[in-house]
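Observations on chain architecture
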Amino acid sequence: MSPQKMSVRRVAVVGGARIPFARSDGPYATASNQQMLTAALDGLVERHGLQEPGAVGEFVAGAVLKHSRDFNLARETVLGSKLHPATPAYDIQQACGTGLQAVIAAANKIALGQTESAVAGGADTASDAPLGVNDSLRRILLQARRAKSLGGRVKALAKVRPGHLVPDIPRNAEPRTGLSMGEHAAVTARAWGIGRAAQDELAAASHQRLAAAYERGFFQDLVIPFRGLARDQNLRPGSTAEKLASLKPVFGLAHPDPTMTAGNSTPLTDGAATVLLASEEWARQRGLEPLAYLTAYETAAVDFVGGDIAGGEDGLLMAPACAVPRMLERAGLHLADFDLVEIHEAFASQVLATLAAWEKRGLGTVDRARLNVVGSSLATGHPFAATGARIVATLAKLLAERDAPARGLISICAAGGQGVTAILERD
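It should be emphasised that the depicted structure is a prediction, and the values quoted were computed from it without experimental measurement. (Residues numbered from 1 in each chain as written. Predicted model: local features only at pLDDT ≥ 70, side-chain atom pairs only at ≥ 80, totals over all residues. Heavy atoms only, no water.)

**Notes on a nonpolar patch on the surface**
Our working definition: Patch building starts from residues that exceed 30% relative accessible area and form no salt bridge, then joins like charges within 9 Å and nonpolar side chains (Val, Leu, Ile, Met, Phe, Trp, Tyr) within 5 Å. Surface accessibility in these figures is a Shrake-Rupley result with a 1.4 Å probe; residues are shielded only by whichever protein chains are displayed. Whenever Lys or Arg places a side-chain nitrogen within 4 Å of a carboxyl oxygen from Asp or Glu, that contact is recorded as a salt bridge. To qualify as a helix, a DSSP run of H or I must reach at least 4 residues; to qualify as a strand, a run of E must reach at least 2; elements of each kind are numbered from the N terminus.
Among the surface-exposed residues, Val133, Leu141 and Leu157 lie close enough to one another that they form a single nonpolar patch of about 240 Å² accessible area. With respect to the helices and strands, the residue Leu157 is situated in helix H5 (residues 150–157).

**What to know about empty space enclosed by the protein**
Formally: Cavities and pockets were defined on a 1 Å grid built over protein atoms only: a cavity is a set of grid points that admits a 1.4 Å probe from which the probe cannot escape, a pocket is an open set flanked by protein on both sides within 12 Å along at least five of seven lines, and lining residues are those with an atom within 4 Å of any such point. Grid points are joined across faces, edges and corners, and a volume is the space filled by probe spheres set on the points. Gly is put with the polar residues, along with every residue not named as nonpolar or charged; the nonpolar set is Ala, Val, Leu, Ile, Met, Phe, Trp, Tyr, Cys and Pro, and the charged set is Asp, Glu, Lys and Arg.
In this structure the tally under the stated criterion is 1 cavity of 30 Å³ or more. Here the largest cavity defines a volume of roughly 50 Å³. As for the largest cavity, its lining consists of Gly16, Ala17, Arg18, Leu222, Ala273, Thr274, Ala389, Arg390, Ala393 and Thr394. Taken together, the elements giving at least two residues each to the lining of the largest cavity come down to strand E1 (11–18), strand E8 (269–279) and helix H13 (387–401). Residue composition of the lining of the largest cavity, grouped by class: 5 nonpolar, 3 polar and 2 charged.

**Considering the layout of surface pockets**
To find leftover empty space, a probe the size of one water molecule is rolled over the atoms. Put simply, the second largest pocket is a space of about 260 Å³. The wall of the second largest pocket is formed by 16 residues, among which Asn172, Thr266, Pro267, Leu268 and Phe347 lie closest to the centre. When contributions to the lining of the second largest pocket are tallied by element, the ones reaching two or more residues are helix H6 (181–192) and strand E6 (249–251). Of the residues belonging to the lining of the second largest pocket, the class tally is 10 nonpolar, 5 polar and 1 charged.

**Some thoughts on the nonpolar core**
Our working definition: Throughout this description, the term nonpolar core refers to a set of buried Ala, Val, Leu, Ile, Met, Phe, Trp, Tyr and Cys residues connected via side-chain atoms within 4.5 Å. A simple rule labels every residue: compare its accessible area, found with a 1.4 Å probe on the protein chains alone, to the largest value its type can have, and call it buried under 20%, exposed over 50%, or partly exposed in between. Any two residues whose heavy atoms approach within 4.5 Å at even a single point are treated as in contact.
Of all hydrophobic cores here, the largest spans 48 residues; its most connected members are Leu100, Phe219, Leu277, Ile410 and Leu424. Of all the elements, helix H3 (residues 98–111) adds the most residues to this core, at 9 residues. If we ignore the near neighbours within four places in the chain, the residues touching Leu424 are Val13, Ala292, Tyr293, Leu294, Val392, Leu395, Ala396, Leu399, Ala406, Arg407, Gly408 and Ile410. In this structure, Ala12, Ala22, Val45 and Leu288 belong to the second largest nonpolar core, which totals 37 residues.

**A look at helix H10 (residues 320–331)**
Because each turn of an α-helix spans 3.6 residues, side chains separated by three or four positions end up pointing in the same direction. Stated precisely, the cut-off is as follows: By this rule the span expected of a helix is its residue count minus one, scaled by 1.5 Å.
When the terminal C-alpha atoms of H10 are compared, their 16 Å separation across 12 residues agrees well with the 16 Å that a helix rising 1.5 Å per residue should span. Those residues of H10 that fall on the buried side of the exposure criterion are Pro320, Ala321, Cys322, Ala323, Val324, Pro325, Met327 and Leu328. Elements in contact with the buried residues of H10: strand E9 (292–301), helix H11 (348–360), strand E11 (406–414) and strand E12 (418–426).

**Notes on unusual backbone geometry**
Phi is positive for Asp25, which is not a glycine, with a value near 60 degrees. By the element assignment, Asp25 lies in the loop between strand E2 (22–23) and helix H1 (33–48). Look at Asp25 and you get exposed, because its relative accessible area is 60%. Positive phi outside glycine occurs at Arg227, with the angle close to 50 degrees. The residue Arg227 is located in the loop between helix H7 (196–215) and helix H8 (241–244) in this model.

Below you can see the structure in the form of C-alpha cells.
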C-alpha cells in the first residue's frame, strides 16, 4: 500500500499570553519554572476558552535552567493548569531559541494534520537556578550507594571533606571556550566595529518603544499580571542614550575601549510565555480570528570555536546571519519585503552585528522604524526559553493591527552558536 499523501496546511497564530518579566532575585525569586509557566498558560486558556477536553491537541514548552524535578516540565504544567489534564505535553530545549523551536514543533504537527491546535511556550528563572552537587562529592555518594555493606558505605563517606560541600553553581559560559555570552558578544562587536553610541541608542529606543506600547494598551491582552507585577520590571521609560552613556563597560574589559554595559545588554530575568497555534478550520469553528500565519522557519549553527571568529562571521550569536539568508532564498523574499522585523536583543551589539552581516551578504538594510517597534529583550528582559514565544505573539498582534496584508521576520540567536528564525504573514 502506498503511503497516504499528506497536504500541508497553513498554521495560524491565534493568540498569546505571558507574565511580566522580572529581574532575577526580585518579585519571582521564589517562583519555579512550573509556577510561572502555569500562570502564563492559565491566562491563555482563560482568554480563549480552552478548558474543555480536547480543546488543545498538545502543549510544547521548555526551560534552559532546569532542576531535575523539571524533567517533565510541560506535562506537569498541564496537570497543574486549567488546561484539561488529558492534554499531552512534552519538553523541548535549544537555549535561547527554545520558545521559537517549541512554536515550530507544534506548527509542524498542525501543518501535517496530526493535530488541530497546540500551545507552545517556555519559562526560565535565573533566581531559582539549579545547583549541582560537587562532582567529587557525587562520586563519593555513588560509591557509598554501590557498597555491599555498612562498613563499605562508612568507608566511602569517610572520604568527604569540607571542600566537597561547595556546590557547582551554573555559569553563563560556553563549555567549549569558557567565555560568557557577553564576552563572546564583545569579541563580535570588535570584529564588526560596533561602537558604543550606536549600542546605547538601540537600547534606549527599546525601552522607549516598550513604554509607549504599554501606554497605548498594546499588551493588555498579552500580559497576565503575576505576583504584583503588571509590566516588565526591567522597563525604564526614561532611558536615553545620554543616560546609558554614563554606565561603565562590563564586557570586553581586557581590550581597549570596551563598549558593552549592563544598559546595552539584557539582564538575568525570570518569566514565562505561551502562544496558541491552530489550523484555520479549528480557529473558524471556535470563532477565533487568526492574528497571523507562520509561513517559514529556519535554524542554523556556526563554528564559534574554530571558525572565523576574528572576522565576526562565526561569532557565538551570529547564526541568524546564516539562517535568514537561507530562509529568504527558499521563500523567494528579500529584507525589503518585510513590514516588521523582530530581532531578539541579547545585546545591542549583537543586533547591530546581525544587521551588518545581513547587509554584507546582500540582503539589504533594515529600516530602523520597522525594527523591534514595541521594544524587545533589552527592555523586557530575557527569560531564555520564554523569549521566542513572547516575540511570536507580539509580532502576530502587530501584524493584525495593520489594515493591509503584512509580513514580519523573527531572528533569535542562541547559545552554542545557534540561531532560530521564522516568518509570520497576515493576509
